[in-house]
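The chain contents come next:
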Amino acid sequence: MPIKRDTLTRFLLEGAHVRGALVRLSDTWRDIAARTAYPPAVADQLAQCTAASALFTASLKINGRLSIQLRGDASVRRLFAECTTQGTLRAIAHFDAPVPETLQPSDYGEKAMLAITIENEAVKHREPQRYQGMVGLQAASLSEAFEEYFRQSEQLPTRILLFSREHQAAGILLQQLPEQHCDPEDWRRAQMLFDTLRADELFDLAPEDVLYRLFHEESVRVLETKPLAFACSCSRERVENALISLGRAEIEDTLADTGDISVHCDFCGQAYRFTAEEALSLFWPKTAAPASERLH
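Bear in mind that the values here come from a model prediction, so they are computed numbers and not experimental data.

Thresholds, definitions, all that
Residues numbered from 1 in each chain as written. Predicted model: local features only at pLDDT ≥ 70, side-chain atom pairs only at ≥ 80, totals over all residues. Heavy atoms only, no water. Helix = DSSP H or I, 4+ residues; strand = E, 2+ residues; numbered from the N terminus. Buried < 20%, exposed > 50% of the residue type's maximum accessible area, 1.4 Å probe, protein only. Contact = heavy atoms within 4.5 Å. Areas by Shrake-Rupley, 256 points an atom, 1.4 Å probe, with all protein chains shown as cover. Lys, Arg positive; Asp, Glu negative; His and termini not counted. Charge placed at Lys NZ, Arg CZ, Asp CG, Glu CD. pLDDT = per-residue confidence, 0-100. Axes fitted to C-alpha atoms, helices over the stretch in contact; angles between N-to-C directions. Left-handed = near helix turned anticlockwise from the far one by under 90°. Nonpolar A, V, L, I, M, F, W, Y, C, P; charged D, E, K, R; others polar. Pairing = 2+ DSSP bridges. Phe/Tyr/Trp six-rings, centres within 6.5 Å; stacked < 30°, edge-to-face > 60°. Salt bridge = Lys/Arg side-chain N within 4 Å of Asp/Glu carboxyl O.

1. Looking at the overall build of the chain
Thinking step 1. Counting secondary structure elements, the chain contains nine helices and 13 strands.
Thinking step 2. The dimensions of the chain, computed from C-alpha atoms along their principal axes, are 70 × 60 × 40 Å.
Thinking step 3. Sorting the 296 residues of the chain into buried and exposed places 45% on the buried side.
Thinking step 4. The long-range share in the chain, meaning contacts at least 24 apart out of those at least 6 apart in sequence, stands at 63%.
Thinking step 5. Of the roughly 16,000 Å² of accessible surface on the chain, 50% is carried by carbon and sulfur atoms.
Thinking step 6. Taking the average location of the 32 positive side-chain charges in the chain and that of its 43 negative ones, the two points are 4 Å from each other.

This is the structure we're talking about:
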């Protein structure tokens, strides 16, 4: 049976009160990387961030999205990766050439920050709820940076491994269950086993085989495996809301120069065009539709 290449697998080490997730991306990462010619070092970092965004959705108990942002003041200005609880991903990087041949988070600058944002889906026209945690970004690797985030923002002992190669990305996460007693010896043993994992095993073995190889003596149980794929969450409605947030005066100034407004999505390449009338109508008072004569 062929190995599924774009999946998120949730698992549990039952006796140790430890949960985990394993992710592998192939076609999904190809779709993301094909839209921009990234230098190898930037592609490596963005691939790892994309895998991490999928890993972190494994423990979400809401319908929504989780995004990771790495913001720097050096050659890499911004990495952004997003995964929804439906299993769709998108990602993008902004950088200034030249970029070093190799990158680690400490190369992003002294004021570099890591932010993770969780957003619930809007329900019945209510505004979506957002939670964001931020930490400084001075770790030696992205895996260490994310582990530090969970220590500082979530107070959850967490181990993370992230890898990329050619057109693939992969990662695995191990985390103590919140609000449950975890024997320090169980956690120490789980980490020792975790640290024996090689990148080629994570890429080339089926997720179940990886977990059995690592944790067969720890009563490992697969909870769920779901597919992942690239998809963009842009829409004309979201673009309209962005234009409204700019204000009528700025929109009028833009129309005076260009005659219309075109917005291009950097994630997927979709273009949204607004004529002058369409753009200005966004600021017209909303009126209720007339009632049907058939209604009594």
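Right, picking up where we left off after that structure.
2. Thoughts on unusual backbone geometry
Thinking step 1. At the junction of Ala97 and Pro98, the peptide bond is cis and its omega measures out at 0° in the coordinates.
Thinking step 2. Considering the arrangement of structural elements, one finds Pro98 in the loop between strand S5 (88–95) and strand S6 (113–120).
Thinking step 3. Residues other than glycine seldom take positive phi values, yet Glu166 does so here, at roughly 40°.
Thinking step 4. Within the fold, Glu166 resides in the loop between strand S8 (158–165) and strand S9 (168–176).
Thinking step 5. For Glu166, a relative accessible area of 77% puts it in the exposed group.

3. Concerning the confidence of the model for the chain
Thinking step 1. Averaged over every residue, the pLDDT of the chain is 88; the share at 70 or more is 92%.
Thinking step 2. Across residues 288–296, where pLDDT falls below 50, the model places zero contacts with residues more than four positions away in sequence or in other chains.

4. Section: the packing of helix H2 (residues 40–57) against helix H3 (residues 142–154)
Thinking step 1. H3 packs onto H2 with a crossing angle of 35° between their chain directions and a minimal axis gap of 11 Å. H2 and H3 meet at a crossing whose hand is right-handed. Touching Gln45, Gln48, Cys49, Ala52 and Phe56 of H2 are Leu142, Phe146 and Phe150, all from H3.
Thinking step 2. For the contact of H2 with H3, the residue count by class is six nonpolar, two polar and no charged.

5. Points about the pairing of S6
Thinking step 1. Where strand S3 (residues 64–71) and S6 come together, eight bridges link them in antiparallel fashion. Its bridge partner lying in S6, Leu66 is registered against Ile118.
Thinking step 2. The pairing of S6 with strand S7 (residues 130–136) spans seven bridges and is antiparallel. In the sheet register, Met113 faces S7, and the bridge partner there is Gly136.

6. A closer look at the packing of aromatic side chains
Thinking step 1. By the definition in use, this model includes five aromatic pairs.
Thinking step 2. Taking 6.2 Å as the distance between ring centres and 55° as the angle between the ring planes, the aromatic pair formed by Tyr38 and Phe95 counts as tilted. Note that Tyr38 is positioned in the loop between helix H1 (27–33) and H2 and Phe95 in strand S5, a separation of 57 residues in sequence.
Thinking step 3. Between the aromatic rings of Phe56 and Phe150, the centroid separation amounts to 5.1 Å while the plane-to-plane angle is 80°, which identifies the pairing as edge-to-face. Of this pair, Phe56 sits in helix H2 while Phe150 sits in helix H3; the two residues are 94 residues apart in sequence, bridging distant segments of the chain. The same class applies to Phe56 and to Phe150, which are both buried.
Thinking step 4. Grouped by ring-pair contacts, the aromatic residues Phe56, Phe146, Tyr149 and Phe150 constitute a single cluster.

7. Observations concerning the pattern of salt bridges
Thinking step 1. Applying the stated criterion across every chain yields a total of 21 salt bridges.
Thinking step 2. For Glu82, the salt bridge goes to Arg90, with nearest N and O atoms at 3.0 Å. Here Glu82 and Arg90 have matching classes, each one buried.
Thinking step 3. Residue Asp260 pairs with Arg273 through a salt bridge whose shortest N-O separation is 2.9 Å. Of this pair, Asp260 sits in strand S12 (residues 260–264) while Arg273 sits in strand S13 (residues 271–275); the two residues are 13 residues apart in sequence, bridging distant segments of the chain.

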